[in-house]
Amino acid sequence: MDREFIAERQKGLQNYLNVITTNHILSNCELVKKFLDPNNYSANYTEIALQQVSMFFRSEPKWEVVEPLKDIGWRIRKKYFLMKIKNQPKERLVLSWADLGPDKYLSDKDFQCLIKLLPSCLHPYIYRVTFATANESSALLIRMFNEKGTLKDLIYKAKPKDPFLKKYCNPKKIQGLELQQIKTYGRQILEVLKFLHDKGFPYGHLHASNVMLDGDTCRLLDLENSLLGLPSFYRSYFSQFRKINTLESVDVHCFGHLLYEMTYGRPPDSVPVDSFPPAPSMAVVAVLESTLSCEACKNGMPTVSRLLQMPLFSDVLLTTSEKPQFKIPTKLKEALRIAKECTEKRLMEEQKQIHQHRRLTRAQSHHGSEEERKKRKILARKKSKRSAVENSDEHPAKYSNSNNSAGSGASSPLTSPSSPTPPSTSVEHAPF
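Residues numbered from 1 in each chain as written. Predicted model: local features only at pLDDT ≥ 70, side-chain atom pairs only at ≥ 80, totals over all residues. Heavy atoms only, no water.

**Side note on the nonpolar core**
Inference 1: Judged by nonpolar contacts, the single largest core of 83 residues is most densely connected at L151 and L206.
Inference 2: With near-sequence residues (within four places) excluded, L151 lies in contact with L177, Y185, I189, A208, V211, L213, L258 and M262. (Core = buried A, V, L, I, M, F, W, Y, C linked by side-chain atoms within 4.5 Å. Buried < 20%, exposed > 50% of the residue type's maximum accessible area, 1.4 Å probe, protein only. Contact = heavy atoms within 4.5 Å.)

**Things to note about the packing of aromatic side chains**
Inference 1: Summed over the entire model, instances satisfying the criterion amount to twelve aromatic pairs.
Inference 2: Judged by centre distance (6.2 Å) and plane angle (50°), the ring pair of W63 and F131 falls under tilted. Within this pair, whereas W63 is found in strand 1 (residues 63-69), its partner F131 is found in strand 4 (residues 131-134), the two being separated by 68 residues in sequence. Each member of the pair, W63 together with F131, is buried.
Inference 3: Judged by centre distance (5.0 Å) and plane angle (70°), the ring pair of F233 and Y234 falls under edge-to-face.
Inference 4: Classification of Y234 as buried rests on a relative accessible area of 3%. (Phe/Tyr/Trp six-rings, centres within 6.5 Å; stacked < 30°, edge-to-face > 60°. Helix = DSSP H or I, 4+ residues; strand = E, 2+ residues; numbered from the N terminus.)

**So, unusual backbone geometry**
Inference 1: Each neighbour pair has its own omega, and for V271 with P272 the value is 5°, a cis peptide bond.
Inference 2: Of note, P272 is situated in the loop between helix 11 (247-264) and helix 12 (282-292).
Inference 3: Of note in this structure, K157 is not a glycine but carries a positive phi near 55°.
Inference 4: Tracing the sequence through the fold places K157 in the loop between helix 6 (151-156) and helix 7 (164-168).

**Overview of the packing of helix 11 against helix 12**
Inference 1: The interhelical angle for the contact between helix 11 and helix 12, taken along N-to-C directions, is 140°, at an axis separation of 8 Å. Crossing handedness for the pair helix 11 and helix 12: left-handed. Here helix 11 contributes V252, H253, F255, G256, H257, L259, Y260, T263 and Y264 to the contact with helix 12, which in turn contributes V284, V287, L288, T291 and L292.
Inference 2: Taken together, the residues that form the contact of helix 11 with helix 12 break down as nine nonpolar, five polar and no charged. (Axes fitted to C-alpha atoms, helices over the stretch in contact; angles between N-to-C directions. Left-handed = near helix turned anticlockwise from the far one by under 90°. Nonpolar A, V, L, I, M, F, W, Y, C, P; charged D, E, K, R; others polar.)

**Here we look at helix 4 (residues 45-59)**
Inference 1: Compared with the 21 Å implied by 1.5 Å per residue over 15 residues, the 22 Å span of helix 4 between its first and last C-alpha is a close match.
Inference 2: Listed as buried for helix 4 are Y45, A49, V53, F56 and F57. The buried residues of helix 4 occupy one face: seen down the axis, they fall within an arc of 110°.
Inference 3: Summarising the contacts, the buried residues of helix 4 are in contact with strand 1, strand 2 (78-85), strand 3 (88-99), strand 4 and strand 5 (138-144).
Inference 4: Among the residues of helix 4, the N-terminal cap falls to N44, whose side-chain oxygen and the backbone nitrogen of T46 are separated by 3.2 Å. (Expected span 1.5 Å × (residues − 1). Arc of directions from axis to C-beta. Polar contact = N/O pair within 3.5 Å; in protein donor to acceptor, adjacent residues only side chain to side chain.)

**Quick word on a positive patch on the surface**
Inference 1: Together, K374, K377, R381 and K385 make up a region of like positive charge exposed at the surface.
Inference 2: Here R381 lies in helix 17 (residues 370-407).
Inference 3: According to the relative accessible area criterion, R381 is exposed, its value standing at 51%. (Patch = residues over 30% accessible without salt bridge, like charges linked within 9 Å, V, L, I, M, F, W, Y side chains within 5 Å. Areas by Shrake-Rupley, 256 points an atom, 1.4 Å probe, with all protein chains shown as cover. Salt bridge = Lys/Arg side-chain N within 4 Å of Asp/Glu carboxyl O. Lys, Arg positive; Asp, Glu negative; His and termini not counted. Charge placed at Lys NZ, Arg CZ, Asp CG, Glu CD.)

**Side note on the side chain of K104**
Inference 1: Along the chain, K104 turns up in the loop between strand 3 and helix 5 (108-117).
Inference 2: For K104, a relative accessible area of 17% puts it in the buried group.
Inference 3: Separated by 2.7 Å, the side chain of K104 and the backbone oxygen of L106 make a polar contact.
Inference 4: Once residues within four sequence positions are removed from consideration, K104 is found in contact with F111, L227, L228 and G229.

**Some thoughts on helix 11**
Inference 1: Between its first and last C-alpha, helix 11 extends 26 Å over 18 residues, near the 26 Å set by a 1.5 Å rise per residue.
Inference 2: With 17 of 18 residues buried, helix 11 is to be regarded as a mostly interior element.
Inference 3: Just beyond helix 11, the residue with positive phi is G265, at close to 80°.

**Focus: the environment of M83**
Inference 1: Relative to the helices and strands, M83 is located in strand 2.
Inference 2: C-alpha of M83 to C-alpha of E67: the two residues are 16 residues apart in sequence and 7.3 Å apart in space.
Inference 3: Contact partners of M83, with chain neighbours within four places excluded, come to F57, W63, E64, V65, V66, E91, R92, L93, V94 and L95.

**Quick notes on the pattern of salt bridges**
Inference 1: A full pass over the atoms with the stated rule returns 21 salt bridges.
Inference 2: We note a salt bridge from E30 to K34, for which the minimum N-O separation is 3.3 Å. Here the residue E30 and the residue K34 both occupy positions in helix 3 (residues 30-36), the gap between them amounting to four residues, near one helical turn.
Inference 3: We classify K34 as partly exposed; its relative accessible area is 31%.
Inference 4: Here K183 makes a salt bridge to D315, at a shortest N to O gap of 2.9 Å. Of this pair, K183 sits in helix 8 (residues 179-199) while D315 sits in the loop between helix 15 (311-314) and helix 16 (330-367), and the two are 132 residues apart along the sequence.
Inference 5: Here the residues in one salt-bridge network are K78, R143, D222 and E224, joined through shared partners.

Structure, rendered in structure tokens:
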């Protein structure tokens, strides 16, 4: 086969793969990961999840699986099932199963205790957990099924049960929310983030699919993700910026992504964002600039308290009578603090590696550029010419000095009569 044809096809395939891997949703797709890295993504996680769920049902016979909810989430190692209670057959619930992630630093005992503590968490802006259990390798949680779906379903006008790619990858219509919705939902989400930060409970998993809509109220989902040590949906973004190195600053940066999506009906093309499209209010742009702009990513994120004081959210009145409750024992709070520090340390190490790799890549790119190659050629020619001139000047001078030394009696050393005098030719042919 023609080599040029093969080279052209390889280049086209590489460009195609570059487009896919730079798309945030497609790059996390199981099919893409299996194609690019089949060795690490060969396991059938649906089968593994079914095995774990079946074991759970042996000890909890009141639950029954209605149907698996295939690919409704973006995670490869997290699976969902539509459930019902046998004596309440009309009620629908959702079971989620996930195995451990790379940031699971809690001991098995503390991990299982904290997972089982989640149903006791009561907050007007946290979606209630009906049941939760865990073993040394995974966790299983059950929540009520919500027909309206998540905040992302509202933005993209999607059906909650559809696969993730179908719902969000190619929307038919791109349209942001109304200003009042942006203000109210944004304030509710910031309030619950502040609550978790004050409790010392790490979150780090804010995005539109993790916000359930219950009427006009936003309720946060998946508090278990940080306990499981799962990677954040936006990790590939904030791992580029060394100033976003705490889980609190991660939450604020992720809130910027969420606010952008609520405002414009789509995620930003890239981060940091150089300029923002027209928004319903300049107050929206002010918050976006504080979380997604070049300056913000370079210098660091504001606190949640600071965002609550900004004009976009400060005048929002929240009408809720539900009192937040989430009692975490002192011992488990200390375990959470240590796990949070370990998670942040790994993030900072990853950010350092990315920073060093970027510097090396820039240096190699600069060194290999056409302009640099021309500069090096010019310098090499100049050096070569300079060396040639110096050599031509040096040769006659040394030759002349050698002749003068041989022809002058004053400069010749004294020799005894018995010592043979070396012939003059030997001096003339001495090396320079």
